[in-house]
Amino acid sequence: MHKRLLVRVFAVFVIFCVAATGTASAQTAGSTSPAQSSDSQRFEVRALGLTGEEIVELEVEGEVVASFDLSSSFETYVFDRVGLLTDEVVRVRFVNDRSRPVDRNVRVDFLAVDGTVYESEDPSVLSTGTYTNSTRCAPGNKRSEVLHCNGFFEYRVDLTTPPPPPPPPPPPPPLTGAEINAALGRGMNFGDALDAPREGDWSVGLDASHFQIVADAGFDHVRLPVSWAGYADTEAPYTIPEGIDPTISHPDYTNIWERVDWAIDQAEANDLMIIVNMHHYEAAHNDPAAHRDRIIAMWEQIAARYADAGDHVIFELFNEPHGAFSQSPELWNELLADLLNVVRETNPTRAVLVGPVEYNTIDYLDELVLPNDDYLISSVHLYEPFNFTHQGAVWVEQLRPVGVPWSADGLDFSEGIHDRSWDTRVSTDAGQLRLDYDRQWAGFSIDFLEEVGLTEMTFRASGEASLLLGCRSDDFTPADVPLIDLTSEVQEFTVDLSVCPADASGMGFMNASPMPTAVLLSDVEICTQVRGCEDLLTSAEAALRRWIERAAEWSAATGVPVHLGEFGAFSAGGQVPFEDRAAWTATVVDEANEHGIPFSYWEFHSNFAAYDLPSASWNELLLNALIQ
């Protein structure tokens, strides 16, 4: 038998129809196919004529329905017949045989009905025109595809209605926020690049190799902070320009869209998920109402541009809401709902990250009111203890002096108590709290972040210093009480805190001595009406792990997945030992893994760097802490 060769269609053949409705044509040989309509059937005859003058007819239910003038090479002739077969017999008949001057013969490779092929050489096919020496052209099952005499091949067609093809499987449902969050795994922030006023302004930029380096190290996603507000027009409709932006002098792109497009492509090329966020919009934190329309307009544009991006692209609506948002969390809850509505117009199932006020602090998760949305993820940030993670950071409001160590067996403030000291290095020394005041009126201060009804503090202390009690409400205000005079000898003190206003959320001691000085405190207990009496200090490791545990408890109670979007320890230009930074990082990562919380370390390069660009190498201690 000849193989079914792909041949060119030479012509559309004239057909002859008798007592049936349909259309016939010749087509390129290849796979057969059913008719296009459910109430019709397609007949295909693949044949050739020895001389190219042969004619065959298609006979269905005893009637000739089509006639084909054959070519001298194999072609497939098609007839679409209205109606379905009720008689299984279908014949292909040779009608113009002759022996002189040139012998005409026909070869019929197969008959196909709605894609089901019936081979002419099959034993079941009857031939009345195949010549053999013994039987000449007598009818019989000749197992041949050649008709030498006027006669026909008779095929028995299966009349069983084939079952309709199964419908295509429905597309898989979009991944929920929880599923996307679980896929995020380990991540790395590309900070100080696109969140700078312009890329390079903060001495770092992005390169395609950075994505590959992060992926090769075992990370699953990158977080891309972008200062969109620095590019959008300041007047309505607040357009983020797509043409040439004259404020950009980078050789690789002419507007911020091109750079973010490129970053998304680089992430996908390296099998990384990517979080695109809105970073550094300080004016909006200070006056949300004045900037609300601009934020919404920017997200309309961002969401529309990336509406067709894959699930690997996640949006984060606003980085670290603070300022007016912290003072009135309902302002943030209202804005985030408006922003989410805008995103959902073009991205109904896009995973979206949104965090609590006061810089995404875990303490404020309970203030976060989220719309009912299956694709939301809450983002929290962790930089506690702040006097360790931000020692030497000149951009924070109250400079934390360098020299604060961290170890798992050290001490930290108990749950819900926050260090708000200024110009004072707060550390632990042999189980004691050490306060190194840099100057006169430097302050040690703690904050409960809520009115607690301060009543009393007891402690043991030593140091050549005079301390002034202060109360913390909106500001830190000295109390109208006598100074506490310390000496090098350890003394016991009981301090009446009821002198503080009823709305006080914290307290502390300022250095009233004219020179820098150091103070040691131990056995510190603080009493409040709300929380009762408790130790001021606890294990550093336990305190750090408790932050993650609290986020996990909130997630379990609300059903909203949590992502640890930022955590890290500032290097202070290399002054903070890598061993301390790595120990702190390893504890955070271990606890996050324990609770199934994905994370994104701050940051790849720059001030908190896990990777050193000049030497093109990871800090192995930090990398091992992150990839465990």
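If you're wondering where the values come from, they're calculated on a predicted model, not measured in any experiment.

Novice: What's the story with the state of the cysteines in this structure? I'm lost.
Specialist: Where two cysteines share a covalent bond between their sulfur atoms, that bond is called a disulfide. Scanning the entire structure with this criterion turns up three disulfides. Disulfide pairing is shown between Cys 137 and Cys 149; the S-S distance is 2.0 Å. The S-S bond linking Cys 137 to Cys 149 shows a torsion near 50°; that makes this disulfide right-handed. Taken together, the residues span a long stretch of sequence, with Cys 137 in the loop between strand S9 (126–127) and strand S10 (146–147) and Cys 149 in the loop between S10 and strand S11 (151–156) at a distance of 12 residues. What makes Cys 137 buried here is its relative accessible area of 18%. Two residues share a disulfide in this structure: Cys 471 and Cys 500, whose sulfurs sit 2.0 Å from each other. Here the disulfide of Cys 471 and Cys 500 is left-handed, its torsion about the S-S bond being about -75°. Of the two residues, Cys 471 is situated in strand S24 (residues 466–472) and Cys 500 in the loop between strand S27 (491–496) and strand S28 (506–511); the sequence distance between them amounts to 29 residues. Classification of Cys 471 by relative accessible area gives buried; the value is 6%.

Novice: Which parts of the structure should I look at to understand the nonpolar core?
Specialist: Nonpolar side chains tend toward joint burial in soluble globular proteins. Counting 99 residues, the largest nonpolar core has Trp 228, Val 260, Phe 567 and Trp 618 as the members making the most contacts within it. Ignoring sequence-local partners within four residues, the contact set of Phe 567 consists of Leu 382, Tyr 383, Trp 584, Thr 585, Val 588, Val 589, Phe 599, Ser 600, Tyr 601, Trp 602 and Leu 626.

Novice: Quick question: what am I supposed to make of the environment of Ala 196 here?
Specialist: Relative to the elements of secondary structure, Ala 196 occurs in the loop between strand S12 (186–189) and helix H2 (208–217). Exposure remark for Ala 196: the relative accessible area of 0% places this residue in the buried category. Apart from residues no more than four positions distant in its own chain, Ala 196 is found in contact with Asp 201, Trp 202 and Ser 227.

Novice: Help me understand empty space enclosed by the protein, please; the structure alone is not making it clear to me.
Specialist: If a probe the size of a water molecule is rolled over the atoms, the empty space left behind becomes visible. Taken as a whole and judged by the stated rule, the model has one cavity of 30 Å³ or more. Taken as a whole, the largest cavity holds about 40 Å³ of empty space. Around the largest cavity sit Leu 175, Ile 180, Asp 311, Val 313, Thr 349, Arg 350 and Ala 351, which together line it. Its residues placed into classes, the lining of the largest cavity shows four nonpolar, one polar and two charged.

Novice: Is there a simple way to think about the pattern of salt bridges in this case?
Specialist: Two side chains with opposite charge may pair up if their charged atoms get near one another. The final tally for this structure, using the stated rule, is 34 salt bridges. Between Asp 423 and Arg 439 there is a salt bridge, with its nearest N and O atoms 2.7 Å apart. Of this pair, Asp 423 sits in the loop between strand S19 (418–419) and strand S20 (424–429) while Arg 439 sits in the loop between strand S21 (432–437) and strand S22 (443–447), and the two are 16 residues apart along the sequence. Taking relative accessible area as the criterion, Arg 439 reaches 36% and is therefore assigned partly exposed. Among the ionic pairs, Arg 460 bridges to Asp 523, the shortest N-O distance being 3.6 Å. Placement of Arg 460 in strand S23 (residues 454–462) and of Asp 523 in strand S29 (residues 517–528) is noted, with a sequence separation of 63 residues between them. Exposure remark for Arg 460: the relative accessible area of 30% places this residue in the partly exposed category. Among the ionic contacts, a cluster of salt bridges with common partners joins Glu 59, Glu 88, Arg 91, Arg 93, Glu 154 and Arg 156.

Quick notes on the rules
Residues numbered from 1 in each chain as written. Predicted model: local features only at pLDDT ≥ 70, side-chain atom pairs only at ≥ 80, totals over all residues. Heavy atoms only, no water. Disulfide = S-S within 2.5 Å. Helix = DSSP H or I, 4+ residues; strand = E, 2+ residues; numbered from the N terminus. Buried < 20%, exposed > 50% of the residue type's maximum accessible area, 1.4 Å probe, protein only. Core = buried A, V, L, I, M, F, W, Y, C linked by side-chain atoms within 4.5 Å. Contact = heavy atoms within 4.5 Å. 1 Å grid on protein atoms, 1.4 Å probe; cavity = no way out; pocket = protein on both sides within 12 Å on 5 of 7 lines; lining within 4 Å. Points joined across faces, edges and corners; volume = space filled by probe spheres on them. Nonpolar A, V, L, I, M, F, W, Y, C, P; charged D, E, K, R; others polar. Salt bridge = Lys/Arg side-chain N within 4 Å of Asp/Glu carboxyl O.

Treat this as a map of the structure, not an account of what it does.
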